[in-house]
Amino acid sequence: MAAEKSGCGKGCGDSGIHVDVKDYYSKVLKRSSDLKTNACVTPAQPIPAFIRQALKKVHPDVSDRYYGCGLVVPECLEGCRILDLGSGSGRDCYMLSQLVGEKGHVTGIDMTEDQLEVARKHVDYHMKEFGFKKPNVNFVQGLIEGLTEAGLEKNSFDIIISNCVVNLSPDKKRVLAEAYSVLKDGGELYFSDVYSSGRLTEEIKNHKVLWGECLGGALWWKDLLQLADEVGFSPPRLVTSKIITIENKELQAVLGDFKFVSATYRLFKVPKGNTKTCQVIYNGNITGVEESFLFDCHYTFKVSVEVDGELATILTSTRFKEDFTCQPPGGPSAPCGVKPQAGIVDPFELALQLEKQVPGSATGGCCSTNSSACCK
Ligand SMILES: C[S@@+](CC[C@H](N)C(=O)[O-])C[C@H]1O[C@@H](n2cnc3c(N)ncnc32)[C@H](O)[C@@H]1O
């Protein structure tokens, strides 16, 4: 497979990589068990009960074709318009359709006909199952490098999610730029993907099976930080991360010493550069995270937490603004604990830290190390 690092060209018609990836997700793979490594199905965090309930209602034909590598359920979803990049057979769209409710909407976009066919076939089944009068889900055929060309409106989505797809694109910067343009101001790109410990060699990038298995096209995690900045997003906030064990000797030999993680980052379309720390108070009203809201690996909100300026901007200028109040540090509700330490952005470091944690303890890395973000 020729890795077109320079992009997929103007108009972004199907490139060689797109054709190979479509073949992989229509002819080679028919169900999750056909995968040759566990890269695409490595969950990065335990699944909360309310999400397990939502997943139980998804039709088995859809779930059997799930190839995601993480859990893409941001918080505060009621009434939101969500876009899923590379929605596949639609598992995450149907899960989120329940969480946004009848007044919200979820659009899935994918380039592979076979995947879309499975997703579309089950719209009526799910709407009946969820008790919705009219569908709040639709599926669009198109490339994630060409969202506006596929008919999606600029500035029209509150949230974009994606589960194990951006790595498959030959032009990741274009994917991020398109996502930025269809997000509303204050919108969020919350996505799970596979990242490598360094820039991969041409041999690895040109390996069709490794590319199809979501390894050959994996970004070096530091390149994500760079691309996100170039496109205009605020610095990526790392939520969770898990080491991927390849468990295929032949493919492992081609990969050599490179390591891989499945990691979830959140990127916001908000003004950048706020350096003033702020004391934020969470009202505890967000569904599913009333007791404890793990925003990223540094911050878990209970009541009052001193946060960095970038996060203060996010919490007061996005859909979260109704749920947080912000005051200068040392205000009436004094800071609880020490100032947050400089944040981890390396998903490999976080994955190792999480592996050491006791099962059942917080899923983010902060609580064992950062008391300011965890006190109640
Ligand atoms: C690893 S699967 C993940 C599917 C889905 N997110 C899930 O969790 O089951 C990758 C999906 O992305 C789609 N895809 C890959 N590259 C794409 C692109 N450039 N544009 C649109 N869809 C793409 C494939 O067709 C496939 O359905």
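Let us look at the structure shown here. Keep in mind the model is a prediction, meaning the values are calculated, not measured. (Residues numbered from 1 in each chain as written. Predicted model: local features only at pLDDT ≥ 70, side-chain atom pairs only at ≥ 80, totals over all residues.)

1. Some thoughts on the site of the ligand
Working step 1: Close to the ligand lie 26 residues, the nearest being Gly 68, Gly 86, Gly 88, Met 111 and Thr 112.
Working step 2: Going through the elements one at a time, helix H1 (16-28) and helix H4 (91-100) are the ones with two or more residues in the shell around the ligand.
Working step 3: At four residues, the largest contribution of residues to the shell around the ligand is made by H1.
Working step 4: Its residues assigned to classes, the shell around the ligand shows 12 nonpolar, nine polar and five charged. (Near = placed C-beta within 6 Å. Helix = DSSP H or I, 4+ residues; strand = E, 2+ residues; numbered from the N terminus. Nonpolar A, V, L, I, M, F, W, Y, C, P; charged D, E, K, R; others polar.)

2. Side note on unusual backbone geometry
Working step 1: Phi at Cys 214 is positive, roughly 75°, even though this residue is not glycine.
Working step 2: Of the residues examined, Cys 214 has 29 C-beta atoms within 10 Å and is grouped as buried.
Working step 3: Although it is not a glycine, Glu 247 adopts a positive phi angle of roughly 55°.
Working step 4: As for its position among the elements, Glu 247 is in the loop between strand E7 (237-243) and helix H11 (249-255). (Buried ≥ 20, exposed ≤ 12 C-beta atoms within 10 Å, placed from the backbone.)

3. A look at the pairing of strand E1 (residues 81-85)
Working step 1: Summarising burial for E1: four of the five residues are buried, a large majority.
Working step 2: Relative to strand E2 (residues 105-110), E1 is paired through five bridges, and the arrangement is parallel. Along E2, the bridge assignment pairs Leu 85 with Ile 109.
Working step 3: Crossover E1 to E2 through H4 is right-handed.
Working step 4: The sheet contact formed by E1 and strand E4 (residues 157-163) spans four bridges and is parallel. Note that in E4 the partner of Leu 83 across the bridge is Ile 160. (Pairing = 2+ DSSP bridges. Right-handed = clockwise from strand over helix to strand, strands pointing away.)

4. A closer look at the packing of helix H7 (residues 172-182) against helix H10 (residues 221-231)
Working step 1: At a minimum axis distance of 9 Å, the contact between H7 and H10 shows a crossing angle of 45°. In this view, H7 runs oblique relative to H10, as classed from their interaxial angle. Note on packing geometry: the crossing formed by H7 with H10 is right-handed. Facing Lys 172, Lys 173, Leu 176, Ala 177 and Tyr 180 of H7, the residues of H10 in contact are Leu 227, Ala 228, Glu 230 and Val 231.
Working step 2: Taken together, the residues of the contact of H7 with H10 break down into six nonpolar, no polar and three charged. (Axes fitted to C-alpha atoms, helices over the stretch in contact; angles between N-to-C directions. Parallel < 35°, antiparallel > 145°, perpendicular 65-115°, else oblique. Left-handed = near helix turned anticlockwise from the far one by under 90°. Contact = placed C-beta atoms within 7 Å.)

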